[in-house]
Amino acid sequence: MGVQAAATGTAASFASLVEPHLAYLYAFALKISGKHATAEDLVQDALVRAFRAYDTLRDRDKAKHWLTKILLAASADL
C-alpha cells in the first residue's frame, strides 16, 4: 500500500470512528463554552488533535471518552 492510500485509509477510518460522536461533541462544547462559534472551534480543534493522536487509541469502543478528553484539553487552551 502506498503512502497516499494509507493516508486515505486512515482518514476514512478516523471519520467513521468520529462521525457518530459529532453531535455529542458539539453539544458538550456548547455547554462548556456557551457560544456556538466557540463550540464549533473547540470541536474542530479537538478533531485535529484527535487525528494527530489517532494511533494512540487502543480501544475503539472507548472513542467517545477519548474524544471528550481531547475536547476538554482543547477547551483549556481557550
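Up top you'll find the structure we're talking about.
Conventions used here
- Residues numbered from 1 in each chain as written.
- Predicted model: local features only at pLDDT ≥ 70, side-chain atom pairs only at ≥ 80, totals over all residues.
- Heavy atoms only, no water.
- Helix = DSSP H or I, 4+ residues; strand = E, 2+ residues; numbered from the N terminus.
- Expected span 1.5 Å × (residues − 1).
- Buried < 20%, exposed > 50% of the residue type's maximum accessible area, 1.4 Å probe, protein only.
- Salt bridge = Lys/Arg side-chain N within 4 Å of Asp/Glu carboxyl O.

(A) Seen up close, helix H4 (residues 63–76). Look at H4: 20 Å from first C-alpha to last across 14 residues, which is about the 20 Å you get at 1.5 Å a residue. Taken together, the buried positions of H4 are Ala63, Trp66, Leu67, Thr68, Ile70, Leu71, Ala74 and Ser75.

(B) Region of interest: the pattern of salt bridges. Counting across every chain of the model gives 2 salt bridges. With its nearest N and O atoms 3.2 Å apart, the salt bridge here joins aspartate 45 to arginine 49. Taken together, the residues aspartate 45 and arginine 49, both in helix H3 (residues 36–52) and 4 residues apart, mark about one turn of the helix. Overall, aspartate 45 belongs to the partly exposed group, its relative accessible area being 29%. Looking at arginine 49, the relative accessible area reads 27%, which means it is partly exposed.

Coordinates in, geometry out; function isn't part of it.
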